[in-house]
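An overview of the molecular structure
Listed below are the residues making up each chain.
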Amino acid sequence: MDDIDSAIVRELQRDARQTNRELAGKLNIAPSTCLERVRALRARGVITGYRATVDLRALNRPVQALLTVRIRPMNREVIERFKAFLTSLPEVLNVYVVAGGDDFLVHVAVPDVEWLHALLMDRIFKRREVVDCRSSVIYQHVAGDVIEPLPPERS
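Looking at the pairing of strand E3 (residues 104-110)
The element E3 is extensively covered by neighbouring structure, given that 6 of its 7 residues are classed as buried. With 7 bridges joining them, strand E1 (residues 63-71) and E3 adopt antiparallel strand pairing. When the bridges of E3 are listed, Val63 appears paired with Val110. As paired strands, strand E2 (residues 92-97) and E3 are joined by 5 bridges and run antiparallel to one another. Along E3, the bridge assignment pairs Val97 with Phe104. Where E2 hands over to E3, the hairpin turn is made up of 6 residues, of which Gly100 adopts a positive phi near 110°.

Structural data, given as structure tokens:
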């Protein structure tokens, strides 16, 4: 990726709804060049999609939490089955399979703490493979709007 590709990715992360002409204007390149580069970035898998950012409160999901889950037995089939279970739950926003003391980190958003408690007691803890689950309520969530590429080597 060169500087123009990086600038395209940065600008599209800030506003993916801008027109090709607007994007080209911001970068001082021809619209045809801009379109070619965006298509090439998509073809290379750098740009994987476009999505809308939503307000969780507006969707009646103001309470967010991170769940750490340990499962047993630890094998590929159990991991895949549990991962599929988690991603089927409407409360789940993100699932991470992690190394260390825990096996999964799960980001959920629910209407209230009682809903979170019911999710844990009635859905998560009822699974035979779950041996431990801890929850941490998120007070504030701050995410970066733009992910910048890092240099290929450490300095």
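Observations regarding the nonpolar core
Of all hydrophobic cores here, the largest spans 22 residues; its most connected members are Val69 and Ile124. Sorting the residues of this core by element identifies E1, helix H4 (76-88), E3, helix H5 (113-124) and strand E4 (130-138) as the ones contributing at least two each. The contact partners of Ile124, leaving out residues within four places of it in the chain, are Phe85, Leu86, Leu89, Leu119, Val130 and Cys133. Counting residues in hydrophobic clusters, the runner-up holds 12 residues, among them Ala7, Ala24, Cys34 and Ile47.

What to know about the side chain of Gln18
Along the polypeptide, Gln18 turns up in the loop between helix H1 (3-14) and helix H2 (20-27). Taking relative accessible area as the criterion, Gln18 reaches 8% and is therefore assigned buried. Among the polar contacts listed, one links the side chain of Gln18 to the backbone oxygen of Glu11, at a separation of 3.0 Å. Polar contacts involving the side chain of Gln18 include one to the side chain of Lys26, which spans 3.2 Å.

Let's talk about the layout of surface pockets
Quantified by volume, the largest pocket comes out at close to 1,400 Å³. Contributing to the lining of the largest pocket are 32 residues, with Arg51, Ala52, Thr53, Ala143 and Gly144 lying nearest its centre. If you list the elements that add at least two residues to the lining of the largest pocket, you get H1 and E2. At 4 residues, the largest contribution of residues to the lining of the largest pocket is made by H1. The residue makeup of the lining of the largest pocket, split by class, is 16 nonpolar, 10 polar and 6 charged.

Some points on the sheet that holds E3
Strand order in the open sheet made by the 4 strands is E2-E3-E1-E4, with antiparallel pairing throughout. Of all strands in the sheet, those with a lone pairing partner are E2 and E4, marking the two edges. Within this sheet the neighbouring strands show an average axis-to-axis angle of 20°, counted without direction. Each of E1, E2, E3 and E4 touches H4; the most contacted strand, E2, lies at about 165° to it. Running at roughly 170° to E4, H5 makes contact with E1, E3 and E4 of the sheet.

About the cut-offs
- Residues numbered from 1 in each chain as written.
- Predicted model: local features only at pLDDT ≥ 70, side-chain atom pairs only at ≥ 80, totals over all residues.
- Heavy atoms only, no water.
- Buried < 20%, exposed > 50% of the residue type's maximum accessible area, 1.4 Å probe, protein only.
- Helix = DSSP H or I, 4+ residues; strand = E, 2+ residues; numbered from the N terminus.
- Pairing = 2+ DSSP bridges.
- Core = buried A, V, L, I, M, F, W, Y, C linked by side-chain atoms within 4.5 Å.
- Contact = heavy atoms within 4.5 Å.
- Polar contact = N/O pair within 3.5 Å; in protein donor to acceptor, adjacent residues only side chain to side chain.
- 1 Å grid on protein atoms, 1.4 Å probe; cavity = no way out; pocket = protein on both sides within 12 Å on 5 of 7 lines; lining within 4 Å.
- Points joined across faces, edges and corners; volume = space filled by probe spheres on them.
- Nonpolar A, V, L, I, M, F, W, Y, C, P; charged D, E, K, R; others polar.
- Axes fitted to C-alpha atoms, helices over the stretch in contact; angles between N-to-C directions.

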